[in-house]
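Residues per chain, in single letters:
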Amino acid sequence: MKIATWNINGVKARIDNLLHWLEESSPDIACLQEIKSVDELFPREPIEALGYHVETHGQKGFNGVALLSKMRFDEVNRGLPGDDGDEQARFIEGVFSTDRGALRVVSLYLPNGNPVDSEKFPYKLGWMERLEKWSVERLKLEEPLVLAGDYNVIPEPEDAKNPDAWVGDALFRPESRQAFRRLGALGFTDALRAVNQDDGIYTFWDYQAGAWQKNNGIRIDHLMLSPEAADHLGSVTVEKHTRGWEKPSDHVPVVLDLKLRSA
DNA sequence: ATGCCCGTCTAAGACGGA
């Protein structure tokens, strides 16, 4: 079973690329971020025509996440608990039936957090604390759980072409990296790092300053696996070639193969 | 040192992104 995460940076601008990628890569579940669309205007019809069920959690103009699945949704939950005043659409959870029981998959879009001297940085760190609290409860279920998305965290210097350039940035601040490591301490496995320890694996290249041409990238899109999901870990692939397409997203898909089957 | 580029909303430029 293939589970993919991709920050598409606007579903309206990216619909042709998205449809082409769905046909080419054919994930069973796709976790999308930055759909930048309200639910009513999400282009669900051409995606459904490819055999996907579509669940969105959008808002006007920016943010927004979605789950596309070839399997029927048993349950959908929108929004990260822990702050009733949080209006930003950054979290959606789907529950599916597999041959090994329930599978939970989250599409998350963690706040950027810049500039760090603004309210945006404490919002990011607070969001990560809420994610931890939510995860502690979910881990008690002892089910396969995949937290997939744009974490806006560079975990280690090896995850950036020029780590020195990111010192002080919210994506690389010690507090952000520590919060990411705490997910590991809770028992989550960074799927990509479990199968590949190479330097130079990136998932984002800025549109500016020829970052793509210079391979000046960072790895910030991650699939975090509960122990019960990690038990079924197969391959993990970064679909870098999509960054070279016409009208690309600045992020590329990361695809996980889990050795599970739909029920 | 700063901005570079891009998408959205909405009608020329602000805002958000990383």
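Residues numbered from 1 in each chain as written. Chains lettered and ligands numbered in written order. Predicted model: local features only at pLDDT ≥ 70, side-chain atom pairs only at ≥ 80, totals over all residues. Heavy atoms only, no water.

Going by an unreviewed UniProt entry, chain A carries the name Exodeoxyribonuclease III and comes from Nitratireductor aquibiodomus.

For the rest of this paragraph, the subject is the protein's contact with DNA strand B. Around DNA strand B sit 25 residues, and of these E34, Y109, N112, F204 and Q208 come closest. A breakdown of the atoms of DNA strand B within 4 Å of the protein gives sugar and phosphate a share of 75%. Contacts to DNA strand B include N152, whose side-chain N or O atom sits 3.1 Å from a phosphate oxygen. The biggest single contributor to the surface near DNA strand B is helix α1 (residues 11-25), with three residues. The class makeup of the residues in the surface near DNA strand B is eight nonpolar, eight polar and nine charged. (Near = heavy atom within 4 Å. Polar contact = N/O pair within 3.5 Å; in protein donor to acceptor, adjacent residues only side chain to side chain. Helix = DSSP H or I, 4+ residues; strand = E, 2+ residues; numbered from the N terminus. Nonpolar A, V, L, I, M, F, W, Y, C, P; charged D, E, K, R; others polar.)

Let us now look at the pattern of salt bridges. One pass over the full model with this rule turns up 15 salt bridges. For the salt bridge of D74 with R72, the shortest nitrogen-to-oxygen distance reads 3.3 Å. Overall, D74 belongs to the partly exposed group, its relative accessible area being 39%. The class of R72 is exposed, set by a relative accessible area of 58%. Note that R193 is salt-bridged to D159, the shortest N-O span being 2.8 Å. You can see R193 sitting in helix α5 (residues 191-195) and its partner D159 sitting in the loop between β8 (145-150) and α4 (174-186), a full 34 residues away along the chain. As far as burial versus exposure is concerned, R193 and D159 are alike and both buried. It is possible to trace a salt-bridge network through shared partners that takes in E93, R104, R138 and E143. (Salt bridge = Lys/Arg side-chain N within 4 Å of Asp/Glu carboxyl O. Buried < 20%, exposed > 50% of the residue type's maximum accessible area, 1.4 Å probe, protein only.)

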